[in-house]
Each structure stands twice: as structure tokens, then as C-alpha cells.
Amino acid sequence: IGIDLVAMSVNDILTLGAEPLFFLDYYGCGKLDVATASEVVKGIASGCERAGCALIGGETAEMPGMYSAGEYDLAGFAVGVVEKSNIIDGTNIVPGDVLLGLASDGVHSNGYSLVRKIIASRAIDLAGRLGETALSDVLLAPTRIYVRPVLSLMKSIEVKGLAHITGGGLVGNVPRVLQENLTARIERGSWRPPPVFEWLQREGNVPDDEMFRVFNCGIGMVMVVSARDADTAAAALRQSGEQVYRIGAVDLRKADEPQTIIA
């Protein structure tokens, strides 16, 4: 869980083109369980290492009576830096630019209210397996951190927009990088979602529209680049260990048209 805390922070500031510098955390509990807290901090430290930032401190608070036994509260934030002239704000995005989707490692950190509802309504045993992996491990796979490969790419190619696919899914997050007169046309069949999303949709009888509105559906970050740079960018990201898909393009927006169209 510590990795997820870091990932959500550093991936968010990455969308501005910022390099994460340091991270601080807050751990609140009724009575400190040293073993649990140690595991959480190990996860945070691992996330910071993956993002290339420093864990410079934090706060651990014991508040008897505020939390039930075994419960704790976890929060944190990252600070990053980017030259003002290099801030990614989407203003350079034009019709014809390409959308590249960087694969997620699973559900990441959003949509768990629906996940829990599906599990409860179907009385699903989390000790069961999805493929060769325990279902609990599949559902709790840590959020992927995209910092290093994306920052490396930005040294050679103009990245015009970055959308971290969190709460709101593709439908809610991609428009954040677009001007009002533009829309993102995403091709549904351009990537194959990991099996966990097929499982969630089947077990919960979840409509397609809700899947794309709640979950990342296999795309953890969307990058906007010019058409001439798309192949080079995808190749560089793959060389860095990312799974990359060409998932669509930017187009002029028609009247009353949504800013994300998945078809």
C-alpha cells in the first residue's frame, strides 16, 4: 500500500512534466503496530526508489480511541520541480496528435468501492485464483510508477500532454489535457485490458460505459505526442520496459460532443 501512496502522488505531478524531488508521509493509528507500520514504510521507500525521489521524513501519530484495533490512516504528498518554460499544460495539442496509452499493472488505486461491492454481492473467495495468481494479489497489485521512462523520453521528444488515469477513468481524465475545442477519439480495440478487468465486468455485470468511467481498464497513463513523434516515442518507452499502445488521436470537437469518445 505504501507504493500506491507514492505512485498516486508522483504520477500526478509527472503530468505537468515535473520531476519528483521528495516525499513525506503521515501514518495515524490508535496504537502503533510496529510490524504493520514497518511494512507500510518499506512500501513507501520502495515507491520513492522507483520514482527517483527522496523520502525525507513524515509523521506517525498514535491517537487512542480514534481508530479501531488494526485500523490506520495513511496520507502523503510529493514535491517536484519543472522549469516554467517546460510545464506541460496541453496548449500545444492540435488535431492529428496521437494518443499513446501506457499499460497499467491492474486496478491501481481507483474503483475499489465497486470492486468491494462486486466481491460482497457475489461472496467471492479472495483466496481463489485468476489465472496463475491469487485473486487477492491481482486485485491489490501496486500502482505502476511511470516517472523514470517518461522523464527520459521528454529529453528528446516533445510530450504535449499527460493524463494519469485515476478516478473517472479514461472518460474523466483525458479531457484534463485538452482545450475546449478538442476531443480525444479512443479506439476500443487498440489494446487488450488485463484479465482482472474482464473478470470484474463479468462478475459484476458492469456496463462498458461504467467500466471506462470507473476503472483505468488497462491504461494507466495517456500521453499526447505529434504524429511524427509517435512511433519513436512508443519505441523508446518500450525499450524502457513499458507496454505502449497507440490508442487513438486528437480531433476537432463538434458541438455538444464529449471530450472523450471511446468507440
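Before reading on, note that the structure itself is shown above.
Since the structure is predicted, the reported quantities are computational estimates derived from the model, not experimental observations.

Asker: Account for helix 7 (residues 195-204), naming residues and giving values.
Answerer: For helix 7, every residue scored as buried is listed here: Val-196, Phe-197, Trp-199, Leu-200 and Glu-203. An end-on view of helix 7 places all buried positions within 160° of arc, on one side of the element. Structural note: helix 7 exposes Pro-195 and Arg-202 on the side pointing more than 90 degrees away from its buried face. One or two steps after helix 7, the chain reaches Asn-205, where phi turns positive at roughly 50°.

Asker: Explain the pattern of salt bridges residue by residue, including any values.
Answerer: For the structure on display, the rule yields 12 salt bridges. Arg-185 is the salt-bridge partner of Glu-257, the closest N and O atoms lying 2.9 Å from each other. Linking Glu-257 in the loop between strand 10 (244-252) and strand 11 (260-262) with Arg-185 in strand 8 (residues 182-186), this pair joins segments that are 72 residues apart in sequence. Note on Arg-185: relative accessible area 27%, which makes it partly exposed. Between Glu-203 and Arg-202 there is a salt bridge; the shortest N-O distance is 3.9 Å. Owing to a relative accessible area of 56%, Arg-202 belongs among the exposed residues under this scheme. A cluster of three or more residues bridged by salt bridges with shared partners is formed by Asp-105, Arg-144 and Glu-242.

Asker: Which residues make up the nonpolar core, and what values do they have?
Answerer: With 40 residues, the main nonpolar core has Val-10, Leu-14, Phe-23, Ile-44, Leu-100, Leu-162 and Met-223 as its most contacted residues. Counting residues per element, the ones that place at least two in this core are helix 1 (2-14), strand 1 (19-29), helix 2 (34-51), strand 3 (72-81), strand 4 (98-103), helix 5 (147-153), strand 9 (219-225) and helix 9 (230-239). For this core, the element with the highest residue contribution is helix 1, accounting for seven residues. Residues Val-107, Ala-163, Phe-197 and Val-222 belong to the second largest nonpolar core, which totals 38 residues.

Asker: Give a detailed account of the packing of aromatic side chains, specifying residues and quantitative values.
Answerer: All told, the structure shown has three aromatic pairs when counted by the stated rule. Between the aromatic rings of Trp-191 and Phe-212, the centroid separation amounts to 6.4 Å while the plane-to-plane angle is 75°, which identifies the pairing as edge-to-face. You can see Trp-191 sitting in the loop between strand 8 and helix 7 and its partner Phe-212 sitting in helix 8 (residues 208-214), a full 21 residues away along the chain. Each member of the pair, Trp-191 together with Phe-212, is buried.

Asker: Break down the sheet that holds strand 1 for me, with residues and values.
Answerer: Across the sheet, which stays open at both edges, the three strands sit in the order 2-1-3 with mixed pairing between neighbours. With one partner strand each, in any of the chains shown, strand 2 (54-62) and strand 3 form the two edges of the open sheet. Across this sheet, the average inter-strand angle for adjacent strands is 15°, counted without regard to direction. Both strand 1 and strand 3 contribute to a ladder of 10 bridges, which runs antiparallel. By the bridge assignment, Leu-24 is partnered in strand 3 with Phe-77. Across the sheet, helix 1 lies against strand 1 and strand 3, angled at about 30° from strand 3, the strand it touches most. Docked against the sheet, helix 2 engages strand 1, strand 2 and strand 3, running at close to 170° with respect to strand 1.

Definitions and limits used
Sequence order as written defines residue numbering, which begins from 1 separately in each chain. Where totals are concerned, whole chains, interfaces and linings use all residues; where local detail is concerned, this predicted model gives features only for residues with pLDDT of at least 70, and gives and counts side-chain atom pairs only at 80 or more. With hydrogens and water excluded, all non-hydrogen atoms of the structure serve as input to the side-chain values. Whether a residue is buried, partly exposed or exposed follows from its accessible area with a 1.4 Å probe, protein chains only, as a fraction of its type maximum: under 20%, in between, or over 50%, in that order. To qualify as a helix, a DSSP run of H or I must reach at least 4 residues; to qualify as a strand, a run of E must reach at least 2; elements of each kind are numbered from the N terminus. Relevant arc is that of directions from the helix axis to the C-beta atoms, nothing else. Here a salt bridge means any side-chain nitrogen of Lys or Arg lying within 4 Å of a carboxyl oxygen belonging to Asp or Glu. Here, the term nonpolar core denotes a set of buried Ala, Val, Leu, Ile, Met, Phe, Trp, Tyr and Cys residues that are joined through side-chain atoms within 4.5 Å. A pair of Phe, Tyr and Trp rings is counted when the ring centres sit within 6.5 Å of each other, with Trp represented by its six-membered ring. The angle between the planes then sorts it: under 30 degrees is stacked, over 60 is edge-to-face, the rest tilted. A pair of strands is considered paired only if DSSP assigns at least 2 bridges between the two. For helices, the axis comes from a line fit to the C-alpha atoms of the stretch in contact; other axes are also lines fit to C-alpha atoms, and the angle between any two N-to-C directions lies between 0 and 180 degrees. Contacts were defined at the residue level, with two residues in contact if any of their heavy atoms lie within 4.5 Å.

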